[in-house]
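In case you want the letters, here they are:
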Number of protein chains: 2
Amino acid sequence: MAVNLPLPNKDELKPIKGLKLGIAEAGIKRANRKDVLVIRLVPGSNVSGVFTQNRFCAAPVQLCRAHLLERNPIEALIINTGNANAGTGNEGLRRAQQTCDALAHALGISAEQVLPFSTGVILEPLPVEKIITAIPKAITALKEDDWYAAAEAIMTTDTQPKAASLTIQTSTGPIVMTGISKGAGMIQPNMATMLGFIGTDLSINVDLLQELTREAADLSFNAITIDGDTSTNDSFIVMATGQSPVRIQNKSDPSYSAFREGLISLSRQLAQMIVRDGEGATKFMTIRVKGGRNSAECKRIAKSIAHSPLVKTAFFASDPNLGRILAAIGYAGVDDLDSTKVQLWLGDVWVARDGGRNPEYKEADGQAVMKQAEITVTVDLGRGSVEETVWTCDLSHEYVSINADYRS
Amino acid sequence: MAVNLPLPNKDELKPIKGLKLGIAEAGIKRANRKDVLVIRLVPGSNVSGVFTQNRFCAAPVQLCRAHLLERNPIEALIINTGNANAGTGNEGLRRAQQTCDALAHALGISAEQVLPFSTGVILEPLPVEKIITAIPKAITALKEDDWYAAAEAIMTTDTQPKAASLTIQTSTGPIVMTGISKGAGMIQPNMATMLGFIGTDLSINVDLLQELTREAADLSFNAITIDGDTSTNDSFIVMATGQSPVRIQNKSDPSYSAFREGLISLSRQLAQMIVRDGEGATKFMTIRVKGGRNSAECKRIAKSIAHSPLVKTAFFASDPNLGRILAAIGYAGVDDLDSTKVQLWLGDVWVARDGGRNPEYKEADGQAVMKQAEITVTVDLGRGSVEETVWTCDLSHEYVSINADYRS
C-alpha cells in the first residue's frame, strides 16, 4: 500500500568507491531471508552517526556511540534484522560485542573499528551464533555494486527496499552519494526502528561530517518522528570513503554548500520513502507550519497534527473533518498561542481564517483535496517568521492489522 | 464493544434534591435524538469546574470560565451534542452567548448564571436557533429523577449512557451524589470531548469545592488523558445544591474526608466508564508506575505506555510483544532514567528484570495475561517512592472505522 513509492532502479544506484556491501542469510527470524548486511570501508574513511535518545537504547546503539566517541577508525558495519537486541540488558551488550569481535576477527581489524546495528523485535535475546555463522558468507559476498540487495537486507515490515543515489558536480570533481533506509510502524515512528545509511566517496573532515549528519538528520529523519529520535534502535550513519578527488576541510571550501545540500536532499528522499511505505499508508501528508516564533514551536505543532490519530483517520477516510487539525494545534503545548491569529490551508484551500471557519470555505473544495494521495497542510501561526515541515501518513485498518500481527 | 460496562441501573441513580434535569430533541445533527440537556439548580447552589487547556478551547468553555470566575450564582447549565462550537471564532462566542441568553430569559435569571456546554464536530457553526427552539421543551421536562435520560442526552460516539450514584453516611446525615459522563475517541483522549457532571445535595464552601474538583479531576478524568485536559471542550463540573443537612466549611469538618473520598471514587467510576466505552475498545488496561521520584515522571511514563499505538495494537492482538512497553518507557522523556533499574510486570508475571528480559519469564505466562479483558501493567522505576496510575484501552480495527466514518 505504499504511496507513490516506485522500486529503486538498480542501474541508478551508484557504487561508492571504497565501500563494499556483503549480504548473507543467517536465518535469524525466518529461513531463506537476507537478514545480515556487512559494509566494509577502505582504511581512512570517516564515519559519523546520529542515534536514538531512547533510555532503553539498544545494545548495538550503545556500542556504536562508544566506538564513534573514541574516534576509532571505523572500517566495518554489520546490520541484522529480525531482532533489535534492545531491552536485553548486559547480556545484550555482550552479544553485540561478540558480533563486533567476530566480524573484526574475520576482517583482521579491531572490534572497536566495527559499528553494529540491529532491528526487529525488542526484548528477545539476539541469536548471536546465527549471525557469527553468517559473517564469512557476507564477507565473501562483499562488492561495491550491491546497494539494492543491501536495501533489501535491512527491511523488516517495509513492503519494498528503499535506496537512492545522487551525484553532485563541484569545481574539483563529482561527489557520488548512495543511501539506503528502512522504516516500520509510522504512526509513532519514534517506536519504529528507522535505519539510514549513506555512503559517499568524498573526503571530509570528521567533525564537519558529524555536524552535517546531525543537521541532515534534523531536516529529514527527525522530521518524520514525534518526540525526536527516540526509538530503541534508530540510527543514521554517513560514511565518507575519501576516494574522490573532492576534499572538504571546512565550511569555506567551495564544495561545502553543494555537499551539504546534496546530503540533506538525499536524506530527505530516504526519510520520505519511509513515510511513503508507512505501515498501512494510503496518503502522504506534508505538514508545513509557518509564522512561528521559533523552530521548536513550529515542529511541536506540526508533529501534534502529524500524529493525532483522529487527524490521521480523517485523512484515511478522505473526510475533511478539519476541526481535528485545529484541535491538534491547540493542544500542542504552545501555551501563549493566540488562536484568533491562526490560518489553515488544505492544499490551496483556505479552511480556517483567524482561528475560525473561513466564511468562504466550501466543504466540496476541502473534499476534493482530501481525495488526493499527496496532501499538504499549511498552518500560519501569525506570530513570527520561522517555518518547519514534517512528513507523515494516514492511519488505516491495515496499520492495525500489521501491528496486531507483527510477531505472528 | 464496551469492556465490562453494564448499563446503569435506573433505580440506583439517586435524584439530588435541588437539582432538576430536562431533556429535549433539538435536531442539531440528526432528528429524533435527545441532544439538549438543561440542568436547573436551586438558588444557593455552589458550582465548580475544571476545563480543557486547549488553545482552541471551545466558545462555551470560554463562557463557563468567565461565569465561574466572576463568582456568579450559577443556577442553570445547558448541554448540547452534535456540534462542539469550537474553532468557530467570535461568531461561536456570540452563539454560545445567545444560548445562555435564551435559557436565562426563559428561567427568569441572568445569562451570567448559566453555564453552556457543547460536544460534537469542530469547526462548524452552532445551529443556535434549533437549540433556542428546544429550550422551552427542556424546561417543561425538568424533574429531579431523570439522570438516566440525561446521560443519554450527552452521548456522541458513546455506545451507552454512563452514570453512577453514591451515598455517603456522615455523622450529620447522608450525602447523596449522582454523576454522568461521556467520552469519545480514546486513543488520544485529549482530542475526545469528555464531559463529566456530578450533582450532590451537600452544602459546601465554593473554594473548597473548587479545590476538591481539581483534585478529583486529576485522579480520574486527567488520568485517562495524554497531555492533560487538552481537548477543545473537556469539562468536569460539580454542583452542590446545599439541600442536605450536611455542611462542610473547611477541611477540619468531620465530613470532609468522607466527601473527598466519595467524590474521587465517583469521578474515577465515571472516568473509567469512558475508557471502558473507548472507541473500539476490547481491553481495559490499568497502567501503574511506581518507584518514581515524583508524580510528574510517573504520569509521563504511564501515559507514554498508555498512548503508544504499538503497545495498544499488541494488547488488541493479545500478543505479549512487551518490548514495546520498554520502548515507550524509554522515550517518555525522563532523561536520567537508568534502564537497568526498571522492572516490568504484566498482571503478576515479572517480565523485565533490571531492564532486560527476566530469565524466568515464559512467554506462555505473558500470553495468558494478555488474553484477559482487564490487564494491569506495573512498572517499577527503582528511583523513588511515588506512584501514579493511568487507565486506557487498546487500539482496534473498530477504532479506525469509527473515526474514519465519524461524520458520515
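Refer to the preceding data block for the structure.
Residues numbered from 1 in each chain as written. Chains lettered and ligands numbered in written order. Predicted model: local features only at pLDDT ≥ 70, side-chain atom pairs only at ≥ 80, totals over all residues. Heavy atoms only, no water.

### A short note on the overall build of chain A
For chain A, the helix and strand inventory stands at 11 helices and 17 strands. Compactness check: chain A gives a C-alpha radius of gyration of 22 Å against a globular reference of 22 Å for 408 residues, within 12% of the reference. Expressed along its principal axes, the backbone C-alpha trace of chain A runs to roughly 70 × 55 × 40 Å. A total of 408 residues make up chain A; the buried ones form 64% of that total. Summarising the internal contacts of chain A: among those between residues at least 6 apart in sequence, 80% fall at separations of at least 24. A total accessible area of about 13,900 Å² is found for chain A, and carbon and sulfur atoms account for 48% of it. Side-chain charges of chain A comprise 41 positive and 45 negative groups, with the mean position of each set lying 1 Å from the other. (Helix = DSSP H or I, 4+ residues; strand = E, 2+ residues; numbered from the N terminus. Rg over C-alpha atoms; globule rule 2.2 N^0.38 Å. Buried < 20%, exposed > 50% of the residue type's maximum accessible area, 1.4 Å probe, protein only. Contact = heavy atoms within 4.5 Å. Areas by Shrake-Rupley, 256 points an atom, 1.4 Å probe, with all protein chains shown as cover. Lys, Arg positive; Asp, Glu negative; His and termini not counted. Charge placed at Lys NZ, Arg CZ, Asp CG, Glu CD.)

### Examining the sheet that holds strand S6 (residues 162-170) of chain A
Residue and element names in this part refer to chain A. Read from one edge of the open sheet, 5 strands run S3-S10-S8-S7-S6, paired in mixed fashion. Two strands lie at the open edges of the sheet, namely strand S3 (46-51) and S6, each paired on one side alone. With direction set aside, neighbouring strand axes in the sheet form an average angle of 15 degrees. Bridge analysis of strand S8 (residues 195-200) against strand S10 (residues 235-240) gives 6 bridges, and the strand direction is parallel. Looking at S10, one finds that phenylalanine 197 is bridged to isoleucine 237. Contacts from helix H6 (residues 256-276) reach S6, strand S7 (173-182), S8 and S10, with the element oriented near 165 degrees to S6. (Pairing = 2+ DSSP bridges. Axes fitted to C-alpha atoms, helices over the stretch in contact; angles between N-to-C directions.)

### As for the environment of Asn46(A)
Residue and element names in this part refer to chain A. Looking at where asparagine 46 falls in the secondary structure, it is placed in strand S3. Taking relative accessible area as the criterion, asparagine 46 reaches 24% and is therefore assigned partly exposed. Taking the C-alpha atoms as reference points, asparagine 46 and glycine 82, separated by 36 residues in sequence, lie 28 Å from one another. The contact partners of asparagine 46, leaving out residues within four places of it in the chain, are Ile204, Asn205, Val206, Leu209, Val238, Met239 and Ala240. Here isoleucine 204 takes part through its backbone oxygen, which lies 2.7 Å from a polar atom of the side chain of asparagine 46. (Polar contact = N/O pair within 3.5 Å; in protein donor to acceptor, adjacent residues only side chain to side chain.)

### Here's the deal with the pattern of salt bridges
Applying the stated criterion across every chain, the model contains 34 salt bridges over all chains. Asp338(A) is the partner of Lys341(A) in a salt bridge, and the nearest nitrogen-oxygen pair spans 3.7 Å. The class for Lys341(A) is partly exposed, based on a relative accessible area of 43%. For the salt bridge of Glu374(B) with Arg276(B), the shortest nitrogen-to-oxygen distance reads 2.5 Å. With Glu374(B) in strand S16 (residues 374-380) and Arg276(B) in helix H6 (residues 256-276), this residue pair connects regions lying 98 residues apart in the sequence. Classification of Arg276(B) as buried rests on a relative accessible area of 14%. (Salt bridge = Lys/Arg side-chain N within 4 Å of Asp/Glu carboxyl O.)

### Let's talk about the packing of helix H8 (residues 309-316) of chain B against helix H9 (residues 323-330) of chain B
All names here are of chain B. The N-to-C vectors of H8 and H9 enclose an angle of 155 degrees; their axes lie 9 Å apart at closest approach. The angle between H8 and H9 places the two elements in the roughly antiparallel class. The interaxial crossing formed by H8 with H9 has left-handed handedness. Each of Leu310, Val311, Thr313, Ala314 and Phe315 in H8 lies in contact with H9, whose residues at this interface are Arg324, Ile325 and Ala328. Taken together, the residues of the contact of H8 with H9 break down into 6 nonpolar, 1 polar and 1 charged. (Parallel < 35°, antiparallel > 145°, perpendicular 65-115°, else oblique. Left-handed = near helix turned anticlockwise from the far one by under 90°. Nonpolar A, V, L, I, M, F, W, Y, C, P; charged D, E, K, R; others polar.)

### Looking at unusual backbone geometry
If you check the backbone angles, Leu123(A) has positive phi at about 75 degrees while not being a glycine. Tracing the backbone through its elements, the reader meets Leu123(A) in the loop between strand S5 (114-119) and helix H3 (128-140). The class of Leu123(A) is buried, set by a relative accessible area of 4%. A positive phi is found at Ser318(B), a non-glycine position, where the angle reads about 55 degrees. In this structure, Ser318(B) sits in the loop between H8 and H9.

### Digging into the interface of chain B and chain A
Chain B puts 58 residues into the contact, and the matching count from chain A is 58 residues. Taken over both partners, the interface formed by chain B and chain A buries close to 4,900 Å², and the fraction arising from carbon and sulfur atoms is 63%. If you look at where chain B meets chain A, you find 0 salt bridges. Linking chain B to chain A there are 12 residue pairs in polar contact (both at pLDDT 80 or more). Among the elements of the structure, H8, H9, strand S15 (356-357) and helix H11 (397-404) of chain B are those that each provide at least two residues to the side of chain B that touches chain A. (Buried area = accessible area lost by both parts, 1.4 Å probe.)

### A closer look at the pairing of S8(A)
Residue and element names in this part refer to chain A. Of all the 6 residues making up S8, 6 are buried; the element is thus mostly covered by neighbouring parts of the structure. Of the two faces of S8, both are covered, the one formed by Leu195, Phe197 and Gly199 as well as the one formed by Gly196, Ile198 and Thr200. Pairing between S7 and S8: 6 bridges, direction antiparallel. If you follow glycine 179 over to S8, its bridge partner there is isoleucine 198.

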